[in-house]
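Letter by letter, the chains look like this.
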Amino acid sequence: MTVKVVENPKELEDAYTVRKLVFVDEQNVPFEEEIDQFENDATHFVLYHEGSPVGAGRFRNVEGYGKVERICVLKEARNIGAGKAIMETIESHAREKDFRKLKLNAQTHAIPFYEKLGYEVVSEEFMDAGIPHKTMVKNL
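Residues numbered from 1 in each chain as written. Predicted model: local features only at pLDDT ≥ 70, side-chain atom pairs only at ≥ 80, totals over all residues. Heavy atoms only, no water.

> Would you mind going over unusual backbone geometry in detail, with residue names and values included?
Phi at glutamate 63 takes a positive value of approximately 55 degrees, unusual for a residue other than glycine. Residue placement: glutamate 63 occurs in the loop between strand E3 (52–62) and strand E4 (65–73). Take glutamate 63: its relative accessible area is 74%, and that puts it in the exposed class. For asparagine 79, which is not glycine, the phi torsion reads 70 degrees and is therefore positive. Residue position: asparagine 79 is located in the loop between E4 and helix H3 (82–96). The exposed category is assigned to asparagine 79, whose relative accessible area is 82%. (Helix = DSSP H or I, 4+ residues; strand = E, 2+ residues; numbered from the N terminus. Buried < 20%, exposed > 50% of the residue type's maximum accessible area, 1.4 Å probe, protein only.)

Dropping the structure here:
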């Protein structure tokens, strides 16, 4: 598995393809909510396994926090460490950019995954794109 910072249109398209398959097709998030106005402000990441894109995520500076967003892994690549690899790469990127605190909005079913990576829940449950979430933070 290799996680890359997106550097060209092909890699960005690979990241968008994974996001569409997971969020739009699998979780029924409307496409216009998934691909949003923040795409050009974000650093994008794509995970390749055996040459194919199977995971993605993005990172933005939001009010002084490193905001981790759109973390997703295709069904066939889950439970092989893909999500952890994406998160570790994003956290490394955040450290390089001198961020001290990360924030993310986790789907409630994914909270145990993020807790294992050191994130803590800091909000009540809220709905985003029809899916229950909680905000989580981590100090780097």
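> Would you mind going over the nonpolar core in detail, with residue names and values included?
If you look at the biggest cluster of nonpolar residues, it comprises 37 residues, and the most contacted ones within it are Phe59, Val68, Met87, Leu104, Tyr114 and Tyr119. Contributions of two or more residues to this core are made by helix H1 (9–26), strand E2 (43–49), E3, E4, H3, strand E5 (101–107), helix H4 (111–116) and strand E8 (131–139). The greatest single-element share of this core, amounting to six residues, is contributed by H3. Each residue touching valine 68, except ones within four places of it in the same chain, is listed here: Arg58, Phe59, Met87, Ile90, Leu102, Lys103, Leu104 and Tyr119. (Core = buried A, V, L, I, M, F, W, Y, C linked by side-chain atoms within 4.5 Å. Contact = heavy atoms within 4.5 Å.)

> Tell me about the pattern of salt bridges, and please be specific about residues and values.
Per the stated rule, a full pass over the model turns up 15 salt bridges. Linking glutamate 26 and arginine 78 is a salt bridge whose minimum nitrogen-to-oxygen distance equals 2.9 Å. In this pair, glutamate 26 is assigned in helix H1 and arginine 78 in the loop between E4 and H3, connecting sequence segments 52 residues apart. Given a relative accessible area of 31%, glutamate 26 falls into the partly exposed group. (Salt bridge = Lys/Arg side-chain N within 4 Å of Asp/Glu carboxyl O.)

> Summarise H3; cite the residues concerned and give the values.
For H3, with 15 residues, the first-to-last C-alpha span of 21 Å sits near the 21 Å given by 1.5 Å per residue. Taken as a whole, H3 has its buried residues at Ala82, Gly83, Ala85, Ile86, Met87, Ile90, Glu91, His93 and Ala94. Aspartate 98 sits one or two positions beyond H3 and adopts a positive phi of about 65 degrees. (Expected span 1.5 Å × (residues − 1).)

> Lay out the packing of aromatic side chains with the relevant residues and their values.
Both the distance between ring centres and the angle between the ring planes are used here to describe each pair of aromatic rings. Tallying each qualifying case throughout the model produces three aromatic pairs. Summarising the aromatic geometry, the rings of phenylalanine 59 and phenylalanine 99 are spaced 5.2 Å apart at their centres and angled 85 degrees between planes, so their arrangement reads as edge-to-face. With phenylalanine 59 in strand E3 and phenylalanine 99 in the loop between H3 and E5, the pair connects residues that are 40 residues apart, well separated along the chain. Comparing phenylalanine 59 with phenylalanine 99, the two get one shared label, buried. On the numbers, 6.0 Å between centres and 75 degrees between planes, the contact of tyrosine 114 with tyrosine 119 is edge-to-face. Classification of tyrosine 119 by relative accessible area gives buried; the value is 2%. Among the aromatic residues, those joined into a ring-pair cluster are Phe113, Tyr114 and Tyr119. Directly above the ring of phenylalanine 38 sits arginine 60, whose terminal nitrogen or CZ lies 4.0 Å from the centroid. A cation over a ring is seen here: lysine 103 above tyrosine 65, with NZ or CZ 4.1 Å from the ring centre. (Phe/Tyr/Trp six-rings, centres within 6.5 Å; stacked < 30°, edge-to-face > 60°. Lys NZ or Arg CZ within 6 Å of the ring centre and 35° of its normal.)

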